[in-house]
Amino acid sequence: MINVMQPTLGQEELDAIKGVFESNWIGKGKLVSDFEKMYAEHLGTTPDHVLSTNCCSEGLFSSMHLMGIEPGDEVIVPTVSFVGAGNAVCVNGSKLVLCDVDPRTLNARAEDIEKVITPKTKAILLLHFGGIPCEMDKIMPLAEAHGLKVIEDCAAGVWSKYNGHALGTDGDMAMWSFDAMKILVCGDGSILHFKNPEVREKADKWLYFGLEAKSGYENSVAQKWWEFDISAYGHRAIMNNVTAAMAIEQFKKLPMFMKKREAVHNAYNEGLKDIEWLDLPLPLDEGSRSSFYFYHIQLKNAKRDDLARYLRERDIYTTYRYFPLHRVPHYGVGGDFPNADYAADNTLCLPMHQSLTEEEVQVVIDKIKEFGKMYC
Ligand SMILES: *Cc1c(COP(=O)(O)O)cnc(C)c1O
């Protein structure tokens, strides 16, 4: 079976975890702050803008509280979004307002967002589809003009850049995912970025019960260490040294992962370029960099489901992300989203991970061509 996504883990991660076992402290500790520092540098910023948490979805949920979004406020979310984005808005008692997306990139554009802004709009929760940057040069001025917070779901954008800087650093808050299906994986884990360090301080408390001093896990208080003080209520959503040890080793491998993913991307581009019934991913804007999380093709002949089945019967697994939220009845948000409908019905994400061999990529290309000869 050729997987659509797959982690790459090895002896280095095992050795690092062994070291955590031997240290006898598997909870949140030095490795977590080491990882936060590494990631801050990777984003081109300082640690006072960065905080880890246990998963990217926690970042989405917490963004509502941290950005001051209240029940009744409207939050704009592209209908092609991760389910956690929709849930974050609804759990907060806020109103989920969906917008359409670009039919090719599956990213919301400023024009899509502008159409659904009302006086009650408080924030935009953007998704950078597959780590491909949205047009932040148009979205940020629009948000500023209307006084809206910008939250960026960069879950798959671990390597992405926009206009020469790290993706996720334009908006007020952003989050990255290191779950089992992402590029850098550590089981579960996430980094959050805050434009304002004061919000990062607030988040630090919010993600650990609202505790003032961290005696709970740092144990550095000299006396009466059982006493505590809280200044607010909060969740308990932190990384630990086991997952951080994995994350650090994976982080070191990131440039190598990216080289491989880019090679797969280029091989697909080359192998599929002459197929007239296919649209391939668009080239990126100047100054942007992708994380090559998806390789999404679009069928112009309404045969996406047939191709997915054809490949699956030949042991090639593909998928479509992200099922549009307007098609989920429980959200109760109807409306006309023609581009998202087009994307959801015609887009297929091909196998894309750093363990794919050249031969496997060639098999995928050959089978797509074979399908074309028989049915297109
Ligand atoms: C994976 C993913 C998430 C959630 O990440 P977790 O770390 O699993 O909570 C959020 N948004 C997008 C776009 C994702 O792909």
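All figures in this text were calculated on a predicted structure; none of them were measured in a lab. (Residues numbered from 1 in each chain as written. Predicted model: local features only at pLDDT ≥ 70, side-chain atom pairs only at ≥ 80, totals over all residues. Heavy atoms only, no water.)

Brief notes about the overall build of the protein chain
Secondary structure assignment for the protein chain yields 12 helices and 12 strands. Scaling as 2.2 N^0.38, a compact globule of 376 residues should have a C-alpha radius of gyration of about 21 Å, and the protein chain matches this with 21 Å. When the backbone C-alpha atoms are referred to their principal axes, the protein chain occupies close to 75 × 55 × 35 Å. Considering only contacts in the protein chain between residues 6 or more positions apart, those separated by 24 or more positions represent 71%. As presented, the protein chain carries roughly 16900 Å² of accessible surface, and 52% of it is formed by carbon and sulfur atoms. (Helix = DSSP H or I, 4+ residues; strand = E, 2+ residues; numbered from the N terminus. Rg over C-alpha atoms; globule rule 2.2 N^0.38 Å. Contact = heavy atoms within 4.5 Å. Areas by Shrake-Rupley, 256 points an atom, 1.4 Å probe, with all protein chains shown as cover.)

Re the site of the ligand
Every residue close to the ligand is listed here: Cys55, Cys56, Ser57, Phe82, Leu127, Asp153, Ala155, Ser177, Asp179, Lys182 and Tyr322. A distance of 2.7 Å is found between a nitrogen atom of the ligand and a side-chain nitrogen or oxygen belonging to Asp153. Surface burial for the ligand is 93%, taken as the share of its 380 Å² of free accessible area covered by protein chains. In terms of residue class, the shell around the ligand is built from six nonpolar, two polar and three charged. (Near = heavy atom within 4 Å. Polar contact = N/O pair within 3.5 Å; in protein donor to acceptor, adjacent residues only side chain to side chain. Nonpolar A, V, L, I, M, F, W, Y, C, P; charged D, E, K, R; others polar.)

Brief notes about the packing of helix H9 (residues 241-272) against helix H12 (residues 358-375)
The interhelical angle for the contact between H9 and H12, taken along N-to-C directions, is 30°, at an axis separation of 10 Å. As the angle between them shows, H9 and H12 are arranged roughly parallel. When the axes of H9 and H12 are compared, the crossing they make is right-handed. When H9 is examined against H12, the residues Val264, Ala267, Tyr268, Gly271 and Leu272 are found in contact with a partner set consisting of Val361, Val364, Ile365, Ile368 and Lys369. In the contact of H9 with H12, the residues fall into eight nonpolar, one polar and one charged. (Axes fitted to C-alpha atoms, helices over the stretch in contact; angles between N-to-C directions. Parallel < 35°, antiparallel > 145°, perpendicular 65-115°, else oblique. Left-handed = near helix turned anticlockwise from the far one by under 90°.)

Side note on the sheet that holds strand S11 (residues 296-299)
Ordered in space as S10-S11-S12, the three strands form an open sheet in which the pairing is antiparallel. Where the open sheet ends on each side, the last strands, each with one partner, are strand S10 (278-279) and strand S12 (347-349). Of the pairings in the sheet, the one linking S10 to S11 comprises two bridges and is antiparallel in character. Bridge pairing in S11 places Asp279 opposite Gln298. In the packing of helix H11 (residues 338-346) onto the sheet, contacts are made with S10, S11 and S12, and the angle to S11 comes to roughly 100°. (Pairing = 2+ DSSP bridges.)

Structural notes on empty space enclosed by the protein
Applying the stated rule across the entire model yields one cavity of 30 Å³ or more. Each pocket or cavity is described by its volume, and for the largest cavity that value is around 60 Å³. Tyr39, His42, Leu43, Gly157, Val158, Trp159, Ser160, Lys161, Ala166, Leu167, Trp176 and Arg289 are the residues that line the largest cavity. Looking at the lining of the largest cavity residue by residue, the classes come out as seven nonpolar, three polar and two charged. (1 Å grid on protein atoms, 1.4 Å probe; cavity = no way out; pocket = protein on both sides within 12 Å on 5 of 7 lines; lining within 4 Å. Points joined across faces, edges and corners; volume = space filled by probe spheres on them.)

Side note on the sheet that holds strand S2 (residues 74-78)
Pairing is mixed across the open sheet formed by seven strands, whose spatial order is S1-S9-S8-S5-S4-S2-S3. Two strands close off the open sheet at either side, each with one partner strand: strand S1 (50-53) and strand S3 (95-99). Taking each pair of neighbouring strands and ignoring which way they run, the sheet shows an average axis angle of 20°. Running at roughly 165° to strand S8 (residues 173-177), helix H3 (residues 56-66) makes contact with S1, S2, strand S4 (121-127), strand S5 (149-153), S8 and strand S9 (190-194) of the sheet. Of the strands in this sheet, S1 and S9 are in contact with helix H7 (residues 197-206), which crosses S1 at around 20°.

Some remarks on the layout of surface pockets
One number sums up the size of the largest pocket: a volume of about 320 Å³. Around the largest pocket, the lining is made up of 19 residues, and of these Thr105, Asn107, Ile132, Pro133 and Asp285 lie nearest the centre. Considered class by class, the residues forming the lining of the largest pocket number nine nonpolar, four polar and six charged. When residues are assigned to domains, the lining of the largest pocket turns out to be shared by domain 1 (11-251) and domain 2 (254-375), each giving three or more. (Domains from an automatic or database assignment.)

With respect to the domain arrangement of the protein chain
For the protein chain, the domain assignment lists domain 1 (11-251) and domain 2 (254-375). The centre of domain 1, based on its C-alpha atoms, is set 27 Å off from the matching centre of domain 2. The partner domain 2 presents 35 residues to the 42 residues of domain 1 that form the contact. Buried area between domain 1 and domain 2, summed over both chains or domains, comes out near 3500 Å², and the portion from carbon and sulfur atoms is 63%. The largest per-residue losses of area from domain 1 upon contact with domain 2 belong to Arg104, Trp159 and Ile183, which jointly make up 25% of the total buried on that side. At the junction of domain 1 with domain 2, the criterion picks out one salt bridge. A salt bridge links Asp279 to Arg104, with the nearest nitrogen and oxygen atoms 4.0 Å apart. (Buried area = accessible area lost by both parts, 1.4 Å probe. Salt bridge = Lys/Arg side-chain N within 4 Å of Asp/Glu carboxyl O.)

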